[in-house]
Amino acid sequence: MAEQIVELAPDESKEISFEATPKEVKTYSVSVNGLEGSFKAIARIAPCVYCGAQFTTESDLVAHMEANHPGKPYIVWASLPEENVLLTPGSQYSIKAKVFVPPTVVGERYIFAFWSYQWECIAGFINVGEGTPAGFYIGEAASYHCLHRMGRWYCPPLGENTVYSDCYLAGIDRWYSNPVWKSVDIGLKVNFIA
Ligand SMILES: [Zn+2]
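Residues numbered from 1 in each chain as written. Predicted model: local features only at pLDDT ≥ 70, side-chain atom pairs only at ≥ 80, totals over all residues.

Q: Just to check I follow, could you spell out the overall build of the protein chain for this structure?
A: Tallying secondary structure elements over the protein chain gives one helix and 14 strands in all. Within the protein chain, buried positions represent 25% of all 194 residues. Excluding contacts between residues fewer than 6 apart, the proportion of contacts in the protein chain whose partners are at least 24 apart in sequence is 61%. (Helix = DSSP H or I, 4+ residues; strand = E, 2+ residues; numbered from the N terminus. Buried ≥ 20, exposed ≤ 12 C-beta atoms within 10 Å, placed from the backbone. Contact = placed C-beta atoms within 7 Å.)

Now the structure itself:
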């Protein structure tokens, strides 16, 4: 817990500030010596998945995409529901993300995958397509904490793990054959605890 001590004479006031870096999109409550307040955390703006350029606001990222990568899908932000994820073999955690998707036709969809440690641990994708108009979509993808598959365990190390993203354009006859991007570090960390 952060602490600052200020001494005040009667009728005197001083401004103090604390910095906090939340890892989750929600309202946090703050208590300062019994005084209650709150602030709202927003999701981490993703870097450009094509060139790695970083932005602090959604509108700056959108402007960069429209100018440099027009008509291409991308991630706007991604977030985890909890700051620390309890590593429980076989269970899942989810990653929420806002994505931009160009127009699709029937039989075509964009698949957004998020994973940390191993691709095998992906449990669900964000799918947008089958005739959707161009626009922003919010969805949730899932990953296994720790997975037993084909005779071996895929268990991430405890502590901070980088979250990577893949995107595929899938059709009726093709599944993962058309990567738009692969293994891009989107600036999101998942902290596994025992
Ligand atoms: Zn770029």
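Q: Just to check I follow, could you spell out the sheet that holds strand β4 (residues 74-79) for this structure?
A: Strand order in the open sheet formed by five strands is β3-β4-β6-β10-β8, with antiparallel pairing between adjacent strands. This sheet does not close on itself; its edge strands, each paired only once, are β3 (44-45) and β8 (122-124). The pairing of β3 with β4 spans two bridges and is classified as antiparallel. Residue pairing for β4: isoleucine 45 is matched across the bridge by tryptophan 77. On top of the sheet, helix α1 (residues 58-68) reaches β3, β4 and β6 (92-101); it is set at about 155 degrees to β4, its chief contact. (Pairing = 2+ DSSP bridges. Axes fitted to C-alpha atoms, helices over the stretch in contact; angles between N-to-C directions.)

Q: Would you take a moment to explain the pairing of β6 for this structure?
A: Along a regular strand, successive side chains alternate from one face of the sheet to the other. Relative to β6, β4 is paired through five bridges, and the arrangement is antiparallel. Bridge pairing in β6 places isoleucine 75 opposite valine 99. Of the strand pairs in this sheet, β6 and strand β10 (residues 135-144) are connected by 10 bridges, and their pairing is antiparallel. Residue pairing for β10: tyrosine 93 is matched across the bridge by serine 143.

Q: I tried to follow the confidence of the model for the protein chain on my own but got confused; where do I start?
A: Low-pLDDT stretches of the model should not have their predicted coordinates read in fine detail. Of the residues in the protein chain, 85% reach a pLDDT of 70 or more, and the chain-wide mean stands at 84. Across the protein chain, the element-wise mean pLDDT spans from 62 in strand β1 (residues 27-32) up to 97 in α1. (pLDDT = per-residue confidence, 0-100.)

Q: Hey, could you run me through the sheet that holds strand β7 (residues 108-115) in this one?
A: To summarise the sheet geometry, strands pair through backbone hydrogen bonds and adopt either a parallel or an antiparallel arrangement. Here we have five strands laid out as an open sheet, ordered β5-β14-β13-β7-β9, and mixed in their pairing. The open sheet terminates on both sides in strands that have one partner only, identified here as β5 (84-86) and β9 (126-129). Neighbouring strand axes in the sheet, compared pairwise and without regard to direction, differ in orientation by 35 degrees on average. In terms of strand pairing, strand β13 (residues 159-171) meets strand β14 (residues 179-193) through eight bridges, oriented antiparallel.

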